[in-house]
Amino acid sequence: MSDQPEFPALSDDEIHKSLDDIATLLSSQGNRLDEQTKVLNRLREVATEARQAAFAAREQTDPQNYGELIGQAIEGRLARTLKQLDSSSAEVLNGMQRSNASFQETTTAHSNTLRLMDEHRMQKDRDVRLLPWVGLGAVFLAVAMTVMLPRFLASYGPTCGVIGGVWTTTSTGTDVCAFYRE
């Protein structure tokens, strides 16, 4: 005989129900283990972060390291400020050069304008000095034309008719422009 008591045999439905209960229990235990694993992982992350924070705090409270960090920060800000000053001074210098070039152009244009005005004034003075001679020449030309033009026109046949004469030949055989009175 065996030492274990005999148990009555279970039906198929009871075995299925028992297996379902065991599966549910195992699934529940598995979910709890998963949750506990998540909690343990989170605790490990927090511990790692705390350790890193402790190392960082130790480094920041180290006077030599802290001094180097301050020096780097100051150097970085000064470098940016110096770069900005350099850029600003370059812009100011560029503006001054453009202004100087513009001033030189304006000065050249002003000098050219003054020179042109002086040349114009000198030309006007020359014209004013020549005006009496031009007027005298015009009077001389008018007198000469008054005397000479009719004689010139009368010496050619086609122009004789224009001034009211008749082109004829004299008894001596000379062609003349004759003016007859009625």
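Here goes a summary of the coordinates provided. Keep in mind that this is a model prediction, so the values were computed, not measured.

1. Here's the deal with the overall build of the protein chain
No. 1: Scanning the protein chain from N- to C-terminus turns up three helices and two strands.
No. 2: Reading the helices (α) and strands (β) of the protein chain from amino to carboxyl end gives α-α-α-β-β.
No. 3: Each of the three principal axes of the protein chain carries a C-alpha extent, and together these read 200 × 65 × 25 Å.
No. 4: Among the 182 residues that make up the protein chain, the fraction classed as buried is 4%.

2. Description of the pairing of strand 1 (residues 166–169)
No. 1: Sheet analysis places strand 1 next to strand 2 (residues 175–178), joined by four bridges and oriented antiparallel. Of the residues in strand 2, the one forming a bridge with T168 is V176.
No. 2: Between the antiparallel neighbours strand 1 and strand 2 lie five residues, among them G173 with a positive phi of about 95°.

3. Focus: the pattern of salt bridges
No. 1: Per the stated rule, a full pass over the model turns up five salt bridges.
No. 2: Put simply, E45 and R42 hold a salt bridge, and the shortest N to O gap is 3.3 Å. Of the two residues, E45 and R42 are both situated in helix 1 (residues 12–60); the distance of three residues between them amounts to about one turn of the helix.
No. 3: One salt bridge in this structure joins R115 and E119, with 3.0 Å as the shortest N-O distance. Remark: E119 and R115 occur in helix 2 (residues 63–154); sequence separation between them is four residues, near one turn of the helix.
No. 4: In this structure R115 comes out as partly exposed when scored by relative accessible area, which is 43%.
No. 5: Linked by salt bridges that have partners in common, D118, R121 and D125 make up one network.

4. A closer look at a nonpolar patch on the surface
No. 1: A contiguous nonpolar patch, built from Y66, L69, I70, I74, L78, L82 and L85 and spanning about 680 Å² of accessible area, is present on the exposed surface.
No. 2: Topologically, L78 is positioned in helix 2.

5. What to know about helix 2
Owing to its 3.6 residues per turn, the α-helix brings residues three or four apart onto one side.
No. 1: Helix length check: helix 2, at 92 residues, gives a terminal C-alpha distance of 127 Å against a target of 136 Å (1.5 Å per residue), a fit within 8%.
No. 2: Along its length, helix 2 reaches its greatest deviation from straightness, about 40°, at L130, and the proline P132 lies no more than four positions downstream.
No. 3: Within helix 2, burial applies to G95, L153 and A154.
No. 4: Its buried side turned inward, helix 2 meets helix 3 (157–160), strand 1 and strand 2.

6. Focus on the environment of M145
No. 1: Inspection of the secondary structure assignment puts M145 in helix 2.
No. 2: Sequence separation of M145 and Q29 is 116 residues, and the distance between their C-alpha atoms is 141 Å.

Quick notes on the rules
Within each chain, residues carry numbers counting from 1 in the order of the written sequence. Residues qualify for local features only when their pLDDT is at least 70, as the model is predicted, and side-chain atom pairs are given and counted only at 80 or more; totals for whole chains, interfaces and linings, by contrast, use all residues. Side-chain measures here rest on the full set of heavy atoms in the structure, leaving out hydrogens and waters. Working definition: helices are DSSP H or I runs of at least four residues, strands are E runs of at least two. Numbering for both runs from the N terminus. Burial here depends on accessible area, computed with a 1.4 Å probe over protein chains only, as a share of the maximum for the residue type. Under 20% is buried, over 50% is exposed, and the range in between is partly exposed. Any two strands between which DSSP finds at least two bridges are classified as paired. Note on definitions: salt bridges are taken to be side-chain nitrogens of Lys or Arg within 4 Å of carboxyl oxygens of Asp or Glu. Two joining distances apply to patches: 9 Å for like charges and 5 Å for nonpolar side chains (Val, Leu, Ile, Met, Phe, Trp, Tyr), and every residue must have over 30% relative accessible area and no salt bridge. We get accessible surface area from the Shrake-Rupley algorithm with a probe of 1.4 Å; when it comes to residues, only the shown protein chains can shield them. Expected span of a helix, by definition, is 1.5 Å for each gap between consecutive residues, and there is one gap fewer than residues. Throughout, bend refers to the angle between the axes fitted to the seven residues that end at a position and the seven residues that start at it. Contacts are assigned to residue pairs with any non-hydrogen atoms lying within 4.5 Å of each other.

Spatial relationships are all this shows, so hold off on functional conclusions.
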